[in-house]
Amino acid sequence: MSHNAGWAARDLAVVWHPCTQMKDHERELPLVPIARARGAWLEDFDGRRYLDAISSWWTCLLGHADPRLDAALRNQLGTLEHVMLAGFTHAPVIELSEALVARAPAGLSRCFYADSGSAAVEIALKMSFHWWRNQGRAGKTRFIALAGGYHGETLGALSVGDLGLYKSSYAPLMLEQLTAPSPDAYAAAPGESARDCALRAANALEQLLEQHADEVCALILEPRVQCAAGMRMHDPEYLRLARALCDRFGVHLIADEIAVGFGRTGTLFACEQAGICPDFLLLGKGLTGGYLPLSVLLTTDTMYQAFYDDYTTLRGFLHSHSYTGNPLACRVALATLTALDADATLARNRERAQALWTAVADLQAHPHVGDVRQAGMIVAVELARDGRGRTPYDWRERRGLIAYRHALVRGVLLRPLGNVLYLMPPYCVTPDEIALLGRVLGECVELATRAAA
Ligand code: PMP
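Rules behind the numbers
Residue indices begin from 1 for each chain and proceed along its sequence in written order. Reporting of local features is limited, given that this is a predicted model, to residues whose pLDDT is at least 70; pairs of side-chain atoms are given and counted only at 80 or more, and all residues count toward the totals for whole chains, interfaces and linings. The side-chain numbers reported here are obtained from all heavy atoms of the structure, hydrogens and water having been left aside. Each reported salt bridge corresponds to a side-chain nitrogen of Lys or Arg within 4 Å of a carboxyl oxygen of Asp or Glu. A run of H or I in DSSP becomes a helix once it reaches four residues, and a run of E becomes a strand once it reaches two; helices and strands are each numbered from the N terminus. Strands pair, by our definition, only if DSSP identifies at least two bridges between them. Any two residues having at least one pair of non-hydrogen atoms within 4.5 Å are treated as being in contact. Only the contacting stretch of a helix is used when fitting its axis, a line to C-alpha atoms as for every element, and angles between N-to-C directions run 0 to 180 degrees. Any residue with a non-hydrogen atom lying within 4 Å of a molecule or strand is treated as near it. Under the rule applied, a polar contact is a pair of N or O atoms within 3.5 Å (in protein, one hydrogen donor and one hydrogen acceptor; residues adjacent in sequence only if both atoms are side-chain atoms). To measure how exposed things are, a 1.4 Å probe is used in the Shrake-Rupley method; for residues, cover is taken only from the protein chains shown. Basically, the charged four are Asp, Glu, Lys and Arg, the nonpolar ten are Ala, Val, Leu, Ile, Met, Phe, Trp, Tyr, Cys and Pro, and anything else, Gly included, counts as polar. Accessible area is worked out with a 1.4 Å probe on protein chains only. A residue is then buried under 20% of its type maximum, exposed over 50%, and partly exposed in between. Patch building starts from residues that exceed 30% relative accessible area and form no salt bridge, then joins like charges within 9 Å and nonpolar side chains (Val, Leu, Ile, Met, Phe, Trp, Tyr) within 5 Å. Aromatic rings from Phe, Tyr and Trp, with only the six-membered ring used for Trp, were paired whenever their centres fell within 6.5 Å, and each pair was classed as stacked if the ring planes differed by under 30 degrees, edge-to-face if by over 60, and tilted otherwise. Only when the NZ of Lys or the CZ of Arg is both within 6 Å of the ring centre and within 35 degrees of the ring normal is a charge said to sit over the ring.

Visitor: Summarise the pattern of salt bridges; cite the residues concerned and give the values.
Guide: Tallied over the entire structure, the rule returns 28 salt bridges. Residue R385 pairs with E397 through a salt bridge whose shortest N-O separation is 2.7 Å. Of this pair, R385 sits in the loop between strand 14 (378-383) and helix 13 (399-409) while E397 sits in the loop between strand 14 and helix 13, and the two are 12 residues apart along the sequence. Connected through shared salt-bridge partners, D184, R232, D371, R373 and E382 make up one network.

Structure (structure tokens):
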């Protein structure tokens, strides 16, 4: 038996994997045990290598085993691995908070930590609701979320998401949210531009707010790219209009940049492209360069002050997680921010983004491709039965799985989202690696669309 097969057998006897129908591992989906990783590459126990085209679920920002991040973690080990953040503090969390506040849109001055993106979303929902309650507005109990949005898997975060695949089984457990149409440019009518889609969606949001603002705490959205929906992208104008509408109707704006933060869409934070400051900015995933679980909510002094009072008023925000602000995670997050600066990442990513586009642009002419789109270091190719007609393949045909399997054979880790094949590589990716990604993606499109239904 190969080393891989041995590990896979042991795994399947005891591990239950995330986001997986485990029966798929019998035949459809090979389990890939990974022994080590470096740069943009993963290596299995039999020595086979896979180019990590999706940054291991969008977490691995700079590359695997970055020596600077390794060193930061090593230095912190043996000094302070953890201390609770209630009543105590430590240098890594203070320094990280200072660094985040210095980089975030002006107006965001407070950091509240958690250990996953979903937990950060829960905090934002609770804090927004609680803020209104502290203002005597306890009637505000609902949230507006966008069609196609995704914010995580815990019950609150799932409630404000709109992907039936993850949500519908739990419908009776969900908070009752309001759904506003997405500004998604892929949904453009003939002759409509991305900006037109943004204006149309903002008009619908305005109507929803006119009817419901009194009962709404906040609007939650993923700026620029609705990632889990299939890398659906929108014009930044929507964010400007949404910010203005939230101000006009007295509703908070929660910007979930858990997937798109830290340069993914071309600017350090996607909100910058609209020149807006949200009431809550949520960060996770790439925050630690993909090393350790850590997330953070940044908010304003106005928010902070509404909770600041004598203990007995019970206005405080008494939310906690055991690993809030873990020193190891904060240290590696700081090293990630330092490395982003030292590498002139945003400038160099512009060249990489250009190369990514060049690698996939030809697919626009493919008869079964509905769209090829890009936002910075994300490119996506949407398969469609009739190409530009945009009729989706039935999800049961699992065309993405065909692509996934072929890419693995070619030494590339792709993980399509339904009919959408995308590249979202670590920033250390080289021009040659990008060219390889483009070739393999092209083969995947060909194979997945040629297969009989
Ligand atoms: N928000 C967005 C936009 C995400 O993409 C994700 C994860 N894919 C989450 C929230 C949830 O983060 P986590 O998986 O760390 O809970």
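Visitor: How would you summarise the sheet that holds strand 3 (residues 49-52) if you had to cite specific residues and measurements?
Guide: Note on sheets: strands pair through backbone hydrogen bonds, and any given pair is parallel or antiparallel. If you trace the four strands from one edge of the open sheet to the other, you get 1-2-3-15, paired in mixed fashion. Looking along the sheet, the strands with just one partner apiece sit at the ends: strand 1 (34-38) and strand 15 (412-413). In this sheet, strand 3 lies alongside strand 2 (residues 41-44) in antiparallel orientation, the contact comprising three bridges. Bridge assignment links W41 to a residue of strand 3, and that residue is L51. In the packing of helix 14 (residues 431-450) onto the sheet, contacts are made with strand 2, strand 3 and strand 15, and the angle to strand 3 comes to roughly 95°.

Visitor: Account for the site of the ligand, naming residues and giving values.
Guide: Lining the immediate environment of the ligand, one finds W58, S116, G117, S118, Y150, H151, G152, E222, D256, I258, A259 and K285. With respect to the ligand, the backbone of G117 contributes an N or O atom lying 2.8 Å from an oxygen atom. At 2.6 Å, a side-chain N or O of S118 approaches an oxygen atom of the ligand. Expressed as a share of its isolated accessible area of 390 Å², the protein-covered part of the ligand is 81%. Here the shell around the ligand is built from residues that sort into four nonpolar, five polar and three charged.

Visitor: Help me get a handle on the pairing of strand 1, residues and values and all.
Guide: Of the pairings in the sheet, the one linking strand 1 to strand 2 comprises four bridges and is antiparallel in character. Among the inter-strand pairings, I34 is bridged to a residue of strand 2, identified as D44. In sequence, strand 1 turns back onto strand 2 through a hairpin of two residues, with G39 there showing a positive phi of about 60°.

Visitor: I'd like a description of the sheet that holds strand 7 (residues 216-221), backed by residues and values.
Guide: In space, the seven strands of this open sheet follow the order 4-12-11-10-7-5-6, with mixed pairing throughout. Looking at which strands have only one partner, the edges of the open sheet turn out to be strand 4 (108-114) and strand 6 (178-180). Strand after strand, the sheet turns through a mean of 25° between neighbouring axes, direction not considered. Note that strand 4 and strand 12 (residues 295-300) share six bridges and pair antiparallel. Looking across to strand 12, one finds that L108 is bridged to T300. The strands touched by helix 8 (residues 194-212) within the sheet are strand 5 (142-146), strand 6 and strand 7, with strand 6 carrying the most contacts at an inclination of about 155°. In the packing of helix 9 (residues 237-249) onto the sheet, contacts are made with strand 5, strand 7 and strand 10 (252-256), and the angle to strand 7 comes to roughly 170°.

Visitor: Describe in detail the side chain of T288, supporting the description with residues and values.
Guide: Mapped onto the elements of the fold, T288 is located in the loop between strand 11 (280-283) and strand 12. On the basis of relative accessible area, T288 is assigned to the buried category, the value being 0%. Within the structure, T288 has its side chain in polar contact with the backbone oxygen of L292 (distance 2.7 Å). Residues in contact with T288, not counting those within four places in the same chain, are L69, L294, A329, V332, A333 and T336.

Visitor: Please provide a residue-by-residue account of unusual backbone geometry, values included.
Guide: You will see that S55, though not glycine, has its phi angle at about 50°, which is positive. Along the chain, S55 turns up in helix 2 (residues 55-58). Since its relative accessible area comes to 0%, S55 is described here as buried. Phi is positive for W57, which is not a glycine, with a value near 60°. Residue placement: W57 occurs in helix 2.

Visitor: An account of a nonpolar patch on the surface is requested, with residue identities and associated values reported.
Guide: A contiguous nonpolar patch, built from L155, Y170 and L173 and spanning about 310 Å² of accessible area, is present on the exposed surface. Structurally, Y170 is set in the loop between helix 7 (164-167) and strand 6. Assessed through its relative accessible area of 41%, Y170 is described here as partly exposed.

Visitor: Explain the packing of aromatic side chains residue by residue, including any values.
Guide: This model, assessed by the stated rule, comprises eight aromatic pairs. Note on Y150 and Y166: the rings are 5.7 Å apart at their centroids and 70° apart in plane angle, and the pair reads as edge-to-face. Note that Y150 is positioned in the loop between strand 5 and helix 6 (155-159) and Y166 in helix 7, a separation of 16 residues in sequence. Under the relative-accessibility criterion, Y150 is labelled partly exposed at 23%. Ring plane angle 75° and centroid distance 5.8 Å describe the contact between F307 and F317, whose orientation is recorded as edge-to-face. Placement of the pair is F307 in the loop between helix 10 (301-305) and helix 11 (327-342) and F317 in the loop between helix 10 and helix 11, with a sequence separation of 10 residues. Assessed through its relative accessible area of 14%, F317 is described here as buried. Linked through ring pairs, F112, F307 and F317 together constitute an aromatic cluster. One cation-aromatic arrangement involves R110 over Y304; the distance from NZ or CZ to the ring centre is 3.6 Å. For the cation-ring pair, R373 lies above Y186, with the distance from its terminal atom to the ring centre recorded as 5.1 Å.

In short, shape yes, function no, at least from these values alone.
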